[in-house]
Amino acid sequence: MSELAFFIDYSRCIGCRSCVQACEECDTHRGTSMIHLETIERRNTVQTAPQMCMHCEDPICARVCPADAIKQTPDGVTQSSLKPRCIGCENCVMSCPFGVPKYEASIDQMMKCDYCYDRTSTGKKPMCATVCPSQALTFATREEVERTRRGRAINEWKFGDEIVRTKVFVLVPLATERIDVGLTALRTKKNGPEARVPSDDVAALLENEVLP
């Protein structure tokens with residue numbers, strides 16, 4: 001039996017925001033939620049998708065931090081910046097492919113989801129998974145998820161040419177082995193260099209419903 005892990009099933013999200021409310025109530029967040037809902041921009045849907053820190057195996061937010069303020073626990077949980085070290089440069093905010101870290105100007109510190117480490121390190125569910133009525137957010141063993149769901153749980157993404165593996169899994173159709181995120185070229189200035197940003201590939205995942 002594998003260890004407990006976090007699974008996201010975007011197709012089950014009903015947009016109730018219970019996860020956001022539960023996260024806000026955590027004392028360590030000072031009333032700020034570390035999870036948010038993405039609204040999928042499709043013409044015929046109001047589908048939402050929960051997004052929290054995916055806890056990359058090799059977190060780029062920590063790699064680009066010039067102050068060495070972002071640490072990773074031995075079991076792979078990337079934590080919010082250390083208050084004494086964070087210089088508010090927002091390199092982590094701009095580099096995250098999932099758009100998760102947020103700079104809180106009021107406290108001059110980057111904050112993000114820390115996997116409810118005080119709970120998950122003792123085998124308890126993260127608060128968001130505890131209150132999710134549709135089980136779009138699940139904290140369970142891989143065997144349990146694969147026994148009760150029809151999709152495949154994967155944790156490998158490709159952004160442009162870079163492969164990113166995460167501690168958090170997502171449920172996708174069985175035929176999908178990796179999530180390839182296309183990049184959309186943006187030209188920010190006339191004749192200037194092109195910036196490339198992730199396109200809306202969560203929407204593409206939802207085109208194929210995972211669960212009944």
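Residues numbered from 1 in each chain as written. Predicted model: local features only at pLDDT ≥ 70, side-chain atom pairs only at ≥ 80, totals over all residues. Heavy atoms only, no water.

- An unreviewed UniProt entry lists the chain under the name 4Fe-4S dicluster domain-containing protein, from Pendulispora albinea.

1. As for the nonpolar core
Here is step 1: Counting 39 residues, the largest nonpolar core has Phe 6, Ile 8, Ile 35, Phe 98, Leu 137, Trp 157 and Val 170 as its most contacted members.
Here is step 2: Residue assignment for this core shows that the elements contributing at least two residues are strand E1 (5–8), helix H1 (18–24), helix H5 (127–131), strand E6 (137–140), strand E7 (152–159), strand E8 (162–172) and strand E9 (179–181).
Here is step 3: Looking at this core element by element, the count peaks at 4 residues for E8.
Here is step 4: With residues near it in sequence (within four places) discarded, Ile 35 still touches Cys 19, Val 20, Cys 23, Pro 50, Gln 51, Met 52, Cys 128 and Leu 137. (Core = buried A, V, L, I, M, F, W, Y, C linked by side-chain atoms within 4.5 Å. Buried < 20%, exposed > 50% of the residue type's maximum accessible area, 1.4 Å probe, protein only. Helix = DSSP H or I, 4+ residues; strand = E, 2+ residues; numbered from the N terminus. Contact = heavy atoms within 4.5 Å.)

2. Concerning the sheet that holds E8
Here is step 1: The strand order across the open sheet formed by 5 strands is E6-E1-E8-E7-E9, and the pairing between neighbours is mixed. The two strands at the open ends of the sheet, each matched to only one other strand, are E6 and E9. Adjacent strand axes in the sheet meet at a mean angle of 40°, parallel and antiparallel pairs treated alike.
Here is step 2: By the bridge criterion, 3 bridges tie E7 to E9 in an arrangement that is parallel. (Pairing = 2+ DSSP bridges. Axes fitted to C-alpha atoms, helices over the stretch in contact; angles between N-to-C directions.)

3. A short note on the packing of aromatic side chains
Here is step 1: Under the criterion given, the structure shown has 6 aromatic pairs.
Here is step 2: Through a chain of ring-to-ring contacts, the aromatic side chains of Phe 6, Tyr 115 and Phe 139 assemble into a single cluster. (Phe/Tyr/Trp six-rings, centres within 6.5 Å; stacked < 30°, edge-to-face > 60°.)

4. Considering empty space enclosed by the protein
Here is step 1: On inspection of all chains with the given rule, the structure shows 5 cavities of 30 Å³ or more.
Here is step 2: Taken as a whole, the largest cavity spans an internal volume of roughly 130 Å³.
Here is step 3: Residue lining of the largest cavity: 15 residues in total, with Cys 23, Cys 113, Tyr 115, Cys 116 and Cys 128 positioned closest to the centre. (1 Å grid on protein atoms, 1.4 Å probe; cavity = no way out; pocket = protein on both sides within 12 Å on 5 of 7 lines; lining within 4 Å. Points joined across faces, edges and corners; volume = space filled by probe spheres on them.)

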